[in-house]
Amino acid sequence: MSVRLFGIEIDDDSFESSVNRAFNLMSVDKVSQVVTINPEMFEEAKKNSEFKRIIDEAEMIVPDGIGVKLALKLKGKNVERIAGIDFARAILHICAENKKKVAIVGAKEEVIVKAVENLRNEIQGLNIAYYHNGYFNDNNLIYDELKNIDANLILVALGSPKQEYFIYNAKKILPPCLMIGIGGSLDVWSGMVKRAPRIYQKLGLEWLYRTVTQPERFKRIFPTLPLFLLKSITYREDR
Ligand code: UDP
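Residues numbered from 1 in each chain as written. Predicted model: local features only at pLDDT ≥ 70, side-chain atom pairs only at ≥ 80, totals over all residues. Heavy atoms only, no water.

Right, let's get into the overall build of the protein chain. In terms of helices and strands, the protein chain carries 13 helices and eight strands. Relative to the globule expectation of 18 Å for 239 residues, the C-alpha radius of gyration of the protein chain, 17 Å, shows essentially globular dimensions. Summarising its shape, the C-alpha atoms of the protein chain cover approximately 50 × 35 × 35 Å along the three principal directions. Among the 239 residues that make up the protein chain, the fraction classed as buried is 48%. (Helix = DSSP H or I, 4+ residues; strand = E, 2+ residues; numbered from the N terminus. Rg over C-alpha atoms; globule rule 2.2 N^0.38 Å. Buried < 20%, exposed > 50% of the residue type's maximum accessible area, 1.4 Å probe, protein only.)

In structure tokens, the structure reads:
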């Protein structure tokens, strides 16, 4: 099932069924794209029709961040918030249990090296067959390497919208697999960026913690949320 927000169909499955659905997409005979959508991505989709098309064509769109959950709530729709970082980690666990092959692309070299080391230590049996930092000029070189690896799951952490383009373009090139854009998750998994304390996560206030502890984000993110909610109320979904 799905719900509509700013003309985009968002899946309204629970966290657990979303993880299972994503896992099942690994056995489908094509590359599947998972988008964990947040308010900034809706803004991008409004300005950029190519980005909107990429989102529309994604096999799964899950509501990341409290902003999306609240906007839907204001429209009378209850969805479970699915933090992209928790979602990706849950999929890594199922991959480990089912002996699936994982590849990861993104972040600075020292960040991805440390994140991969931590993930291998923390998730027993996890097979990370390939990783590469996110600072490269030629996507094709990375696609070629990914083709050879033939992973079941590819996590892409290039920030948005770069990662959505990278995944979309890979659809025509790579063998069947599941690809998820994971934004800044590697920074957190490397231990170099701290996540908000659990109480903030529980209350859905992770964004507040992050904006206050990272003043440069404050300017960018803070006005976005109230404005996003306001616009969601006035937007007519049949447009
Ligand atoms: N990143 C990358 N290559 C790039 C730009 C960004 O690998 O060309 C990585 C960056 O190092 C970080 C992640 O993408 O690990 C998310 O970046 P950012 O915080 O800018 O994106 P957001 O989380 O705001 O979407």
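This is not the end of the story, as more comes after the structure.
Attention shifts here to the site of the ligand. Taken together, 14 residues are adjacent to the ligand, and Ala107, Gly134, Tyr135, Lys162 and Asp187 come closest. Separating a nitrogen atom of the ligand from a backbone N or O atom of Gly134 is a distance of 2.8 Å. At a separation of 2.4 Å, an oxygen atom of the ligand approaches a polar side-chain atom of Asp187. For the ligand, the protein covers 71% of the area, taking 530 Å² as the surface of the free molecule. Looking at side-chain class alone, the shell around the ligand contains four nonpolar, six polar and four charged residues. (Near = heavy atom within 4 Å. Polar contact = N/O pair within 3.5 Å; in protein donor to acceptor, adjacent residues only side chain to side chain. Areas by Shrake-Rupley, 256 points an atom, 1.4 Å probe, with all protein chains shown as cover. Nonpolar A, V, L, I, M, F, W, Y, C, P; charged D, E, K, R; others polar.)

A separate point is the side chain of Ser190. Along the chain, Ser190 falls in the loop between helix 9 (185-189) and helix 10 (198-203). Overall, Ser190 belongs to the buried group, its relative accessible area being 5%. From its side chain, Ser190 meets the backbone oxygen of Asp187 in a polar contact 2.8 Å long. A polar contact is formed between the side chain of Ser190 and the backbone nitrogen of Met192, at a distance of 3.1 Å. Look past the residues within four positions of Ser190 in its chain and what remains in contact with it is Val111, Lys114, Ala115 and Asn118. (Contact = heavy atoms within 4.5 Å.)

Okay, the pairing of strand 8 (residues 177-181) next. For strand 8, the buried fraction is high: five of the five residues fall into the buried class. Of the two faces of strand 8, both are covered, the one formed by Cys177, Met179 and Gly181 as well as the one formed by Leu178 and Ile180. When strand 3 (residues 31-37) meets strand 8, the two strands line up parallel, connected through four bridges. Note that in strand 8 the partner of Val31 across the bridge is Cys177. Sheet topology note: the strand 7 (residues 153-157)/strand 8 ladder contains four bridges and is parallel. Each bridged residue has a counterpart across the sheet, and for Leu153 the counterpart in strand 8 is Leu178. (Pairing = 2+ DSSP bridges.)

Okay, unusual backbone geometry next. Going from Ser160 to Pro161, the amide bond is cis rather than trans, its omega being 10°. Here Pro161 is to be found in the loop between strand 7 and helix 8 (162-170). The backbone of Lys99 shows a phi angle near 55°, a positive value even though the residue is not glycine. Here Lys99 lies in the loop between helix 5 (84-97) and strand 5 (101-106). Note on Lys99: relative accessible area 73%, which makes it exposed.

As a rule of thumb, soluble globular proteins bury nonpolar side chains together. Of all hydrophobic cores here, the largest spans 38 residues; its most connected members are Ile91, Leu153, Leu186 and Trp189. Counting residues per element, this core draws most heavily on helix 5, which supplies nine residues. (Core = buried A, V, L, I, M, F, W, Y, C linked by side-chain atoms within 4.5 Å.)

Next up on the list: the sheet that holds strand 5. Spatially, 4-3-8-7-5-6 is the arrangement adopted by the six strands of the open sheet, whose pairing is parallel. One side of each edge strand has no neighbouring strand; the edge strands of this open sheet are strand 4 (60-63) and strand 6 (127-132). Pairwise comparison of adjacent strand axes, ignoring direction, gives a mean angle of 20° for this sheet. On the sheet, helix 5 packs against strand 3, strand 4, strand 5, strand 7 and strand 8 and is oriented at approximately 155° with respect to strand 7. Packed on one face of the sheet, helix 7 (residues 139-149) meets strand 5, strand 6 and strand 7 and runs near 165° to strand 6. (Axes fitted to C-alpha atoms, helices over the stretch in contact; angles between N-to-C directions.)

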